[in-house]
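Residues per chain are reported as follows:
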Amino acid sequence: MTRHEWQVVAAVAVGGGIGAVARYAASLWWPVAPGGFPWTTLAVNAVGCAAIGVLMVLVTQAWPVHPLVRPFFGTGILGGFTTFSTYAVDIERLLSADHVRTALLYLALTPLVALAAVWSATWATRRAVARRAAPGRQA
């Protein structure tokens, strides 16, 4: 691997550790009862997806950034914060405990909420960036 590739790997690793710790902290701050709806994981994934939408607009369309910003924040922190694996385990646990309706609701709701979060955050950020860049705008 080249030096740059090692730097990207290191940025993703450090960012991923930060994101995973933040996700775990959220599960400690907002625990879910056994068999209960996994609100914490749903919220973490929604917030993470919204943040990814904002970040990607800012680093690709608004600001010139260092080449390691996207891997550190996007793939690293936000990739470590959001969690498909916990989503899958939550569904398995709900099904194993015979909470089939809750599992199916969660199964369907999570991708819808995640997509809505990234889409709306991307849309809002693009509008804000365009408004700031509009000719004749006073600071």
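Before reading on, note that the structure itself is shown above.
Residues numbered from 1 in each chain as written. Predicted model: local features only at pLDDT ≥ 70, side-chain atom pairs only at ≥ 80, totals over all residues. Heavy atoms only, no water.

Novice: Quick one: what's the story with the side chain of Asn45, residue by residue and with numbers?
Specialist: Its location among the elements puts Asn45 in helix H2 (residues 39–62). The class for Asn45 is buried, based on a relative accessible area of 7%. Here Asn45 is in contact with Thr82, Thr83, Tyr87 and Thr110, once residues within four sequence places are set aside. (Helix = DSSP H or I, 4+ residues; strand = E, 2+ residues; numbered from the N terminus. Buried < 20%, exposed > 50% of the residue type's maximum accessible area, 1.4 Å probe, protein only. Contact = heavy atoms within 4.5 Å.)

Novice: Let's hear about the nonpolar core: which residues, and what values?
Specialist: Formed by Phe37, Leu42, Tyr87, Ile91, Leu94, Ala103 and Tyr106, the largest nonpolar core amounts to seven residues. Broken down by element, this core gets its largest block of residues, three residues, from helix H4 (residues 84–96). Once you skip the residues sitting within four places of it in the chain, Tyr87 turns out to touch Thr41, Asn45, Tyr106, Leu107, Thr110 and Pro111. (Core = buried A, V, L, I, M, F, W, Y, C linked by side-chain atoms within 4.5 Å.)

Novice: Break down a nonpolar patch on the surface for me, with residues and values.
Specialist: On the surface, Tyr24, Leu28, Trp29, Trp30 and Trp39 cluster together into a nonpolar patch covering about 710 Å² of accessible area. Among the elements that take part in the nonpolar patch, helix H1 (residues 3–29) stands out by supplying three residues, more than any other. Structurally, Trp39 can be placed in helix H2. (Patch = residues over 30% accessible without salt bridge, like charges linked within 9 Å, V, L, I, M, F, W, Y side chains within 5 Å. Areas by Shrake-Rupley, 256 points an atom, 1.4 Å probe, with all protein chains shown as cover. Salt bridge = Lys/Arg side-chain N within 4 Å of Asp/Glu carboxyl O.)

Novice: Mind laying out the packing of aromatic side chains, listing which residues take part and the relevant values?
Specialist: A full pass over the atoms with the stated rule returns six aromatic pairs. Taking 4.8 Å as the distance between ring centres and 80° as the angle between the ring planes, the aromatic pair formed by Phe72 and Phe73 counts as edge-to-face. Take Phe73: its relative accessible area is 37%, and that puts it in the partly exposed class. Seen from their ring centres, Trp119 and Trp123 are 6.3 Å apart, and the 15° between their planes marks the pair as stacked. With Trp119 and Trp123 both in helix H5 (residues 100–133) and four residues apart, this pair spans about one turn of that helix. Exposure remark for Trp123: the relative accessible area of 45% places this residue in the partly exposed category. An aromatic cluster is built from Phe37, Trp39, Phe84, Tyr87 and Tyr106, whose rings are joined through pairwise contacts. (Phe/Tyr/Trp six-rings, centres within 6.5 Å; stacked < 30°, edge-to-face > 60°.)

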